[in-house]
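Structural description and commentary
Listed here are the chains, written in short residue letters.
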2 protein chains.
Amino acid sequence: MSASDLLRSLARCVGEAHVRCAESEMAAFLLDWRGRYRGRALAVVQPATTDEVAAVVRHCRVYGVHIVPQGGNTGLVGGATPLEEQAPAIVLHLGRLRRIRSLEPQEFTVVAEAGVTVREVQEAARSANRLFPLSLASEGSATVGGVCATNAGGVHVLRYGTTRDLVLGLEVVLADGSVISSLQGLRKDNTGYAWKPLFVGSEGTLGVITAATFKLFPLSTEVVTAWVAVPDPAAAVRLFSWLRETVGEGLEAFELMGRTTLELVLKHIPQARVPFSGEPPAWSVLVEFAEAGRGAQLQERVERAMTVAIERGWVQDVALAANEAQRRALWALRENASEAQRFEGFSFKHDVSLPIRALPEFIAECEARLRRHWPTVTLVCFGHLGDGNLHYNVFPTGIEPAQWPLIEPRLSGLVHDTVAEFGGSISAEHGIGRLKAELLPRYKSEEELSLLRRLKAAIDPENLFNPGKVVRGDDRPCSEET
Amino acid sequence: MSASDLLRSLARCVGEAHVRCAESEMAAFLLDWRGRYRGRALAVVQPATTDEVAAVVRHCRVYGVHIVPQGGNTGLVGGATPLEEQAPAIVLHLGRLRRIRSLEPQEFTVVAEAGVTVREVQEAARSANRLFPLSLASEGSATVGGVCATNAGGVHVLRYGTTRDLVLGLEVVLADGSVISSLQGLRKDNTGYAWKPLFVGSEGTLGVITAATFKLFPLSTEVVTAWVAVPDPAAAVRLFSWLRETVGEGLEAFELMGRTTLELVLKHIPQARVPFSGEPPAWSVLVEFAEAGRGAQLQERVERAMTVAIERGWVQDVALAANEAQRRALWALRENASEAQRFEGFSFKHDVSLPIRALPEFIAECEARLRRHWPTVTLVCFGHLGDGNLHYNVFPTGIEPAQWPLIEPRLSGLVHDTVAEFGGSISAEHGIGRLKAELLPRYKSEEELSLLRRLKAAIDPENLFNPGKVVRGDDRPCSEET
């Protein structure tokens, strides 16, 4: 049984045009979004239906060829890129599973196949007067299969949760080619173990997600957006708690941004402007409340709450967006944070989360520790404070480029160790993929790692799916663990 | 190694007074809440700390003695009751793990041990100006460990989700006596497979939950409660969708109740009174909106939405509670539904869920099918419409008591088959336990069942925990499945 036998079998499953073997055709699928990993594959295979996916899986299993599922290829940790060496693999690209199978407005649910983009789901929902709340920078390319496989977060986690919280149902192809499906969209179902949350966030290592049922919500019609200057992160944490208490659960964004981050945006993004006079504030928070229907008086309630917050010293200044254009301008300050950093150049990036109450002390302590070793670095710290999620990037200002690869392990190790010390996570929303697979054993207990490996071995006993990612089933054969 | 050796070892772990072996002492722990199952055990063991739980687990494993974890013993499917025959077992009663380890108002989290009651968590949260939204009839006895193990639902699922949605962290003792813990309460953590949701709802068959971190919410300060008469369930579904759209996500209860149910409440509960003049309506809905802070104008918004709903024929009459006493009276109509049925006598009970849009047709069709075989039965149908969850009880009116046990399998089979046909679940919130373990293979695909068994085998390979429940690891040895 040779590789070419497999490719012929796969061509019979999905059509010859959908088994791509030429290097030129495969190139884009073998390079990760950040350009950090370039993998190898026998072919990029593009099935169009769940049955075709199942057939591809069965053939690959017979031939002992690994499967690396891929969606929009916008992941940030190399999770969808095959390894360079290792046993042969195919990339299983789900982009042709393109149907929105159903959308039920009364049920507040939508069923979409793996290859539908996040934006397409948003638009389908909106046309039925419903909100699909998942929203992230890559939403035009990121797919249903990809956001489920990575448990994507984004800017609305605070109110609506991560992808796992939005998933009511899944259809998954397992390693033996069987299909398990639970797409009815039930809100309550206590019949056996919750396997759906396990596949969400498993980064293609347990099975192939071919479709999902998501929760929808009423469209927000009343929206209040504010840019708020605060003296320090501790004040931001107090403001967060105060706003939830006094204005309520319509709070859907609470984004923290340090002065350095804001200055980079102002420097690199032409239209960017802080809505206050004078210097950019030390710390800013983008706050947004939204509510369906009319008459919730959101603006008055937010103004009232902010007045008290100013009196108490938690807030120095507030600019409320007076219209949609102003609202877009405030969001642009936040949304261009990554883009502005790209213009600025290379940085050591960390996507971490912490208990919210620990954020202020972590920010101070981590900076102090970094400066002890590298006094000249520039710290860019911003993120979803309401979720405890910081994007904590360190620009190697004043350090020779030749040194960067050498200091990276120590520098990132220092950041991650400090995160762990404060009870945080070394990957808040980007996942483990390949980038952090080696780090996992350092930050998880042996007991927890052993459980993760046993789950992998139980669901994908032959390590068919996405080897070398998350728990490294290949490095440590599962049989050693049980 | 005899049983008495084990009991001596356990007494050394937890103290002699906490290993109860006398029949009289064990009786209450060996009988399930509904009095349907009476089990056998070597002892009821009551550890006081996680370390003691781990020690008990290790000893039982060495002696090959099963462990049946038990909380408040208020479950409805016999999940916490040991079997009558089978290999020897102990009941592991978690009632002495009584600490609320921490409560962080700014973080909106609480960490509580397994033996703390739901009401105690509610009260601790309230004293810190926070809401713990889990609320169910048994909350005075039901414990943290129990509600996590069963993924309890209750009356606030619509807004806040089931227990699984409220759990941010867990501490679990596994079958080898190791402890895995993730109690920091992070809102985002994409580091490996989501094992926490798997233990929630596993009904004591995968490990022993010793503590949990729960989400808290702002206390609601504005509350609007209404009793609404609707012509039929289809109108109720339309009203549900309309209220979410126009009044928004503050909707936290939407409870449907048929006339028969309401009449039983009026018959058996002394103070019960429908807030309208004339006959009880064919169908009623209890609606509640709530919001933190002040100024949300909830009442005006609800009144405006109801006015339109009346014009459109979805609503026949509305009574808004004018004060807390009236609100309590409306809730009493709903909360006494189970109590009133207890006075009425025996019924065949079904706790099912359906896609919300399928509810009206299911209610009509299931009644028609039942009446074909048993024309005289009384149908009592009520539940959490917003979650698609019906409590569908059939009183055997006009049928001789001697016949009841004989018709039960056919009657309940008809109800469950009809639920399955409409895409529903045979256990919405009560779980599988022992009562429905035999039914599971009828309503799950072989592929899904096989996955559930592999999960059980991976996490509890020796079937130490709670045999005979959920997936019946004992009936079908796991080795047959892999």
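Per an unreviewed UniProt entry, chain A goes by FAD-binding protein and derives from Tepidiphilus baoligensis. Heading Sequence similarities (unreviewed entry) of the UniProt record for chain A holds this comment: "Belongs to the FAD-binding oxidoreductase/transferase type 4 family."

Let us look at the sheet that holds strand S3 (residues 66–70) of chain B. Residues and elements named next belong to chain B. Taken together, 4 strands build an open sheet; the order of strands is S1-S2-S4-S3 and the sheet is mixed. If you trace the sheet from one side to the other, it starts and ends with strand S1 (19–20) and S3, each paired once. Where S3 lies against strand S4 (residues 89–93), 5 bridges are found, and the strand directions are parallel. Residue Gln 70 lies in a different strand from S4, and its bridge partner there is His 93.

Side chains that are three or four residues apart share a direction in an α-helix, a result of its 3.6 residues per turn. All names here are of chain B. Look at helix H1 (residues 3–14): 16 Å from first C-alpha to last across 12 residues, which is about the 16 Å you get at 1.5 Å a residue. Listed as buried for H1 are Leu 6, Leu 7, Ser 9, Leu 10, Ala 11, Cys 13 and Val 14. In this structure, the buried residues of H1 make contact with S1, strand S2 (43–45), helix H3 (50–63) and S4.

This part is about the domain arrangement of chain A. All names here are of chain A. One can read the domain layout of chain A as domain 1 (3–93), domain 2 (100–218), domain 3 (222–338), domain 4 (346–421) and domain 5 (440–480). Computed from C-alpha atoms alone, the centre-to-centre distance between domain 1 and domain 2 is 23 Å. If you look at the interface, domain 1 gives 13 residues, while domain 2 gives 16 residues. Joining domain 1 to domain 2, the criterion identifies 0 salt bridges. In terms of residues, the side of domain 1 that touches domain 2 owes the most to one element, helix H3 (residues 50–63), which gives 6 residues.

Time to look at the relation of the copies chain B and chain A. Overlay of chain B on chain A (RMSD 0.0 Å): rotation 180°, translation along the axis 0.0 Å. Both copies are brought into coincidence by an operation consistent with a two-fold rotation axis. Distance from the rotation axis, computed per C-alpha, reaches its smallest value in chain B at Ala296(B): 2.4 Å. Looking at the interface residues of chain B, 99% of them are also at the interface in chain A, so both copies use one shared face.

All names here are of chain B. Mapped onto the elements of the fold, Asn 323 is located in the loop between strand S15 (317–320) and helix H12 (324–335). Exposure remark for Asn 323: the relative accessible area of 40% places this residue in the partly exposed category. Linking Asn 323 and Val 224, residues 99 residues apart in sequence, is a C-alpha distance of 9.3 Å. Side-chain polar atoms of Asn 323 contact the backbone nitrogen of Gln 326, separated by 2.8 Å.

With that out of the way, let us pick up the packing of aromatic side chains. Across all of its chains, the model carries 20 aromatic pairs over all chains by this definition. Between Phe362(A) and Tyr392(A) the ring centres are 5.6 Å apart and the planes differ by 65°, which places this aromatic pair in the edge-to-face class. Note that Phe362(A) is positioned in helix H14 (residues 359–373) and Tyr392(A) in strand S18 (residues 389–395), a separation of 30 residues in sequence. Pairing Phe346(B) with Phe348(B) gives two aromatic rings, centres 5.0 Å apart and planes at 85°, and the pair type is edge-to-face. Of the aromatic side chains, those joined through ring pairs into one cluster are Phe108(A), Phe240(B) and Phe254(B). In this structure, Arg130(A) packs its charged tip against the face of Phe108(A), placed 4.0 Å from the ring centre. The ring of Phe108(B) carries Arg244(A) above its face, with NZ or CZ at 3.9 Å from the centroid.

For the rest of this paragraph, the subject is the pairing of strand S3 (residues 66–70) of chain A. Put simply, side chains in a regular strand alternate between the two faces of the sheet. Of all 5 residues in S3(A), 5 are buried; the element is thus mostly enclosed. Along S3(A), one buried face is formed by His66(A), Val68(A) and Gln70(A) and the opposite face, lined by Ile67(A) and Pro69(A), is buried too.

Here we come to the interface of chain B and chain A. Opposite the 92 residues of chain B that make contact, chain A presents 92 residues. Between chain B and chain A lies a buried interface of about 7500 Å² when both sides are counted; carbon and sulfur atoms form 54% of it. When the buried area of chain B at its contact with chain A is split by residue, Lys188(B), Asn190(B) and Tyr193(B) rank highest and sum to 14% of it. The tally of links from chain B across to chain A stands at 10 salt bridges. Between Lys188(A) and Asp387(B) there is a salt bridge, with its nearest N and O atoms 3.5 Å apart. Across the chain B-chain A interface, the total number found is 47 residue pairs in polar contact (both at pLDDT 80 or more). Listed by contribution, the elements that provide at least two residues to the side of chain B that touches chain A are helix H6 (157–160), strand S9 (179–182), helix H8 (196–199), strand S11 (217–218), helix H9 (233–246), helix H11 (298–311) and helix H17 (446–459) of chain B. The element best represented in the side of chain B that touches chain A is H17(B), accounting for 9 residues. Residues of the side of chain B that touches chain A, tallied by class, amount to 36 nonpolar, 31 polar and 25 charged.

All names here are of chain A. Counting across every chain of the model gives 62 salt bridges over all chains. Among the salt bridges present, the one from Glu 113 reaches Arg 99, with a minimum N-O distance of 3.5 Å. Of this pair, Glu 113 sits in strand S6 (residues 109–113) while Arg 99 sits in the loop between strand S4 (89–93) and strand S5 (100–104), placing them 14 residues apart in sequence. Residue Glu 113 is classed as buried on the basis of its relative accessible area, which comes to 5%. Among the charged side chains, a network of salt bridges with common partners joins Arg 99, Arg 101, Glu 113 and Glu 171.

Turning our eyes to something else, we now look at empty space enclosed by the protein. Residues and elements named next belong to chain B. What the rule picks out here adds up to 1 cavity of 30 Å³ or more. Counted as a void, the largest cavity has a volume near 60 Å³. Taken together, 12 residues form the lining of the largest cavity, with Val 68, Pro 82, Leu 83, Ala 89 and Pro 467 sitting closest to its centre. A breakdown of the residues in the lining of the largest cavity according to their chemical character gives 6 nonpolar, 4 polar and 2 charged.

With that settled, consider the environment of Phe348(B). Residues and elements named next belong to chain B. Position of Phe 348 relative to the elements: it lies in the loop between helix H13 (337–344) and strand S16 (351–353). Residues Phe 348 and Ala 420, spaced 72 residues apart in sequence, show a C-alpha to C-alpha distance of 18 Å. In contact with Phe 348, not counting residues within four places along its chain, are Tyr 392, Asn 393, Val 394, Pro 396, Trp 404, Ile 407, Glu 408, Leu 411 and Ser 412.

With that settled, the discussion passes to the pairing of S5(A). Residues and elements named next belong to chain A. In this sheet, S6 lies alongside S5 in antiparallel orientation, the contact comprising 4 bridges. By the bridge assignment, Leu 103 is partnered in S6 with Val 110. Counted along the chain from S5 to the antiparallel partner S6, the turn is 4 residues long, and its residue Phe 108 has a positive phi close to 60°.

Rules of the game
- Along each chain, numbering runs from 1 in the same order as the chain's sequence is written.
- Ligands are numbered from 1 and chains lettered from A, in the order in which they are written.
- Per-residue local features of the predicted model are confined to residues with pLDDT of at least 70, and side-chain atom pairs are confined, for both listing and counting, to 80 or more; whole-chain, interface and lining totals are unaffected and use all residues.
- Hydrogens and waters are ignored; side-chain quantities use all the structure's heavy atoms.
- UniProt positions are given in the numbering used here, feature names are shortened, and annotations may be inferred rather than shown by experiment.
- The rule for pairing is simple: two strands pair if DSSP sees at least two bridges between them.
- Segments assigned H or I by DSSP are reported as helices when at least four residues long, segments assigned E as strands when at least two residues long, and all are numbered from the N terminus.
- Every helix has an expected span of 1.5 Å times one less than the residues it contains.
- Relative accessibility thresholds used throughout: buried, under 20% of the residue-type maximum; exposed, over 50%; partly exposed, between the two (1.4 Å probe, protein chains only).
- Residues are treated as being in contact if the distance between any of their heavy atoms lies within 4.5 Å.
- Boundaries between domains were set according to an automatic or database domain assignment.
- Salt bridge criterion: a side-chain nitrogen from Lys or Arg within 4 Å of a carboxyl oxygen from Asp or Glu.
- Least-squares superposition aligns the copies on the C-alpha atoms of those residues with pLDDT at or above 70 in both.
- Throughout this description, a polar contact denotes any pair of N or O atoms lying within 3.5 Å of each other; where both atoms belong to protein, one of them has to be capable of donating a hydrogen while the other can accept it, and for residues adjacent in sequence the pair is counted only when both atoms sit in side chains.
- Whether two aromatic rings pair depends on their centres lying within 6.5 Å, for rings of Phe, Tyr and Trp, where Trp uses its six-membered ring; planes under 30 degrees apart make the pair stacked, over 60 edge-to-face, and the rest tilted.
- Charges are assigned to positions over rings by a cutoff of 6 Å between ring centre and Lys NZ or Arg CZ, combined with an angular limit of 35 degrees from the ring normal.
- What gets called buried area is simply the loss in accessible area from a 1.4 Å probe that two parts show on being joined, summed for both.
- Each residue receives one of three labels: charged for Asp, Glu, Lys and Arg, nonpolar for Ala, Val, Leu, Ile, Met, Phe, Trp, Tyr, Cys and Pro, and polar for the others, Gly being one of them.
- Grid points spaced at 1 Å over the protein atoms alone were grouped into cavities, where a 1.4 Å probe fits but cannot get out, and pockets, open sets with protein on both sides within 12 Å along at least five of seven lines, with lining residues defined by an atom within 4 Å of a point.
- Grid points are joined across faces, edges and corners, and a volume is the space filled by probe spheres set on the points.

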